[in-house]
Every structure is written in C-alpha cells, then in structure tokens.
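Tertiary structure, described
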Amino acid sequence: MMSARHFLSLMDCTPEELLSVIRRGIELKDLRNRGVLFEPLKNRVLGMIFEKSSTRTRLSFEAGMIQLGGQAIFLSPRDTQLGRGEPIGDCAIVMSSMLDAVMIRTYAHSTLTEFAANSRVPVINGLSDDLHPCQLLADMQTYLEHRGSIQGKTVAWIGDGNNMCNSYIEAAIQFDFQLRVACPEGFEPNPQFLAQAGDRVQVVRDPKEAVAGAHLVSTDVWTSMGQEEETARRLKLFAPYQVTRELLDLAADDVLFMHCLPAHRGEEISMDLLDDKRAVAWDQAENRLHAQKALLEFLVAPAYRPA
Ligand code: CP
Ligand code: NVA
C-alpha cells in the first residue's frame, strides 16, 4: 500500500527520469502555447499543504492541476487539524485515502518523510528547510531551453548554503555538472549533502572565484522563511555576496543568471540585475508551471495508462 512514488528530493529519481520530466515540461509548454487541451489528470485531485507562504509554488501547482484536467485543494495548517497537533502520520493516512497526490511546503524535512511513509499516494516536496527540488526542475528546464545540456558545465551558487543550495548540490550529481558554492563562514551547505557530492562540489569564500568562467550563476534570498529574526545579522555578513553585473562579467560569455524568486533588489542582487540580458528569472518562474505539470503527469497519471 505504501508503494507510491514520491518526489521529496532530486535523488528520488534517476538522472534519466529527471531529464525526461524536463523534456516533457518543454513539450507541455509548447502544447499550452499552441492552445492544445491536454487533460490526462481528469478527476484527479492534488492536496497542497502550505506551512509557509508561497506565490509561485501554489500558483504553478494549482494552475497546473487545472490545466491537466484535475483540481487542487489548498490546505493551510491554520484551518486544518494539522495545526492543532493531529499526528502527521494520521493526516497522511486520511488525506491520501481521498487525494491522488499531496504537495507539502514545510519546515522540518522529516515532516515530508513522515507523511510519505504513511501515504498511499505520491508526495511532492514544495520546499522544506533542507531542499527545494521542484525549483531545480524549472531551473534545469530553463538552462536546457536557453543553452542546451548542462552536463559538464560549471555552476556557481552565491550566498547562503540553504535549501536551494542543497538542491543545487543534488542537481550537480544528477545532471552531472561542477558546482562552486561561495558563502560566508558558518553558512556552508549541510555537510551531509556535500559528502554525497564528493569533488563535484567545491566550497569557496570568494564569490569572484566561484563565478570565474561559470556557465550559470544562481543565488537566493539571504534570509529564508523561518529565519526572520536573523535578518539584521545576515544583511551584514552577506553584503560581499551581492550578485552584480560586474560579478557576472567574470563568468563565461554565455552565462545565465538565475534567481528562484522572490528577489530582494539591493540585497542578494543589485537593483538592475533582473533587467540584465543574462538574467532568466522570469522564464524560470514560468517554467515552474510546465516542469511541475510534467512531474504530476509522471507521478500521478501512470495509473491511468493501459498496461
Ligand atoms: N521560488 C518559489 O518557490 O517561490 P514561492 O515561494 O513564491 O513559491
Ligand atoms: N530559500 C528560500 C527559498 C524561497 C523560494 C526560503 O526557503 O525562504
């Protein structure tokens, strides 16, 4: 009964599966742009539990389910028994008996693993304190569309060794690229993820060193959701890690700049960076929709396919 396929991390798929989901995302984008109706998830229902705020993740999953012919139900812990202490495993048993998939945005990653262990339907990580794998599907689709395969390329992650950075580390393994992380002392990514990646990932202090010759530069907010009380300290420590046009000039001529958004202009990026020709943050945001539709099709639709 607990045999459903989950997507809690990029490591839950093989490299081939990840690539095929991304390629499918490009096809689904084309179908939508051509106005072709494609509804393989008719009558299917996705539950979406959001313990943290979201614009892109909520919209892309909700719009994506509707476009695929299904429905999505937004669940906030404030109005469900989850917020009143009902055990997560109990919630998983009940919810998964009524839904076809569940997306969860949460704090502790263990909430996801515990839910998944008790769920009979696929569970998708919509961001945890540790990982943000759906964002990487969109980022990898965006790179493929603009520049082709990322295999063998060099990627620079600038700033906090946070959930996004950890997912970039997993992407380096799964998509076979070199990753250089530049972060202040004490804000390195979790050693468990670094160990998994071996020499595919290098941690440095100097953002210039990380960016030199890179084909993709990516960053994220300095203060993630749940860390708000550290904001002042982080603003000071991360100041040398702002990504500017001048920093990008040190990268490869065909570098792309990505930001998962929301962006704080004047903090992790200069005021003008998203207007730079090298920035593809809006494409990235749109691709959340297409890549996750491909993910939903991959996880939810197979049961409908003839054997
Ligand atoms: N990038 C991203 O996940 O955005 P939201 O927090 O708006 O969902
Ligand atoms: N690292 C950020 C990503 C937001 C999409 C956070 O966790 O708040």
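Note: the structure precedes this text.
1. Overview of the sheet that holds strand E4 (residues 123-125)
Read from one edge of the open sheet, four strands run E2-E1-E3-E4, paired in parallel fashion. On the outer flanks of this sheet lie strand E2 (71-75) and E4, each paired with one strand and no other. Between one strand axis and the next, the sheet turns through 20° on average, direction left out of account. Relative to strand E3 (residues 101-105), strand E1 (residues 45-50) runs parallel, the two sharing five bridges. Paired with Phe 50 across the two strands is Arg 105, which belongs to E3. Strands E1, E3 and E4 of the sheet are contacted by helix H4 (residues 109-117), whose axis makes an angle of about 170° with E4.

2. Focus: the site of ligand 1
Residues in contact with ligand 1, as listed here, are Ser 54, Thr 55, Arg 56, Thr 57, Arg 105, His 132, Gln 135, Cys 260, Leu 261 and Arg 288. Separating an oxygen atom of ligand 1 from a side-chain N or O atom of Ser 54 is a distance of 2.7 Å. Note that a nitrogen atom of ligand 1 is positioned 2.9 Å from one of the backbone N or O atoms of Leu 261. Out of a free accessible area of 260 Å², ligand 1 has 95% covered by protein chains. Residue composition of the shell around ligand 1, grouped by class: two nonpolar, five polar and three charged.

3. Focus on the pairing of strand E8 (residues 216-219)
Side-chain alternation along E8 places Leu 216 and Ser 218 on one buried face and Val 217 and Thr 219 on a second face that is also buried. Here four bridges tie E8 to strand E9 (residues 256-259), and the two strands are oriented parallel to one another. Paired with Leu 216 across the bridge in E9 is Leu 256.

4. Topic: unusual backbone geometry
Cis peptide bonds are those with omega within 30 degrees of zero, and the linkage from Leu 261 to Pro 262 qualifies with 5°. Structurally, the position occupied by Pro 262 is in the loop between E9 and helix H11 (281-300). At Asn 43, a residue that is not glycine, the phi angle is positive and equals roughly 70°. When you line up the elements, Asn 43 lands in the loop between helix H1 (15-33) and E1. Accessibility expressed as a relative area gives 66% for Asn 43, which makes it exposed. Tracing the sequence through the fold places Leu 261 in the loop between E9 and H11. Accessibility expressed as a relative area gives 8% for Leu 261, which makes it buried.

5. A few points about the nonpolar core
In this structure, Phe 7, Tyr 168, Phe 177 and Leu 179 are the most contacted members of the largest nonpolar core, which totals 55 residues. When residues of this core are assigned to their parent elements, the largest contribution, eight residues, is made by helix H6 (residues 163-175). What Tyr 168 contacts, discounting residues up to four positions off in sequence, is Leu 136, Asp 139, Met 140, Val 155, Trp 157, Phe 177, Leu 179, Leu 216, Ser 218 and Met 258. In this structure, Ala 182, Ala 214, Leu 247 and Phe 257 belong to the second largest nonpolar core, which totals 21 residues.

About the criteria used
Residues numbered from 1 in each chain as written. Chains lettered and ligands numbered in written order. Predicted model: local features only at pLDDT ≥ 70, side-chain atom pairs only at ≥ 80, totals over all residues. Heavy atoms only, no water. Pairing = 2+ DSSP bridges. Helix = DSSP H or I, 4+ residues; strand = E, 2+ residues; numbered from the N terminus. Axes fitted to C-alpha atoms, helices over the stretch in contact; angles between N-to-C directions. Contact = heavy atoms within 4.5 Å. Near = heavy atom within 4 Å. Polar contact = N/O pair within 3.5 Å; in protein donor to acceptor, adjacent residues only side chain to side chain. Areas by Shrake-Rupley, 256 points an atom, 1.4 Å probe, with all protein chains shown as cover. Nonpolar A, V, L, I, M, F, W, Y, C, P; charged D, E, K, R; others polar. Buried < 20%, exposed > 50% of the residue type's maximum accessible area, 1.4 Å probe, protein only. Core = buried A, V, L, I, M, F, W, Y, C linked by side-chain atoms within 4.5 Å.

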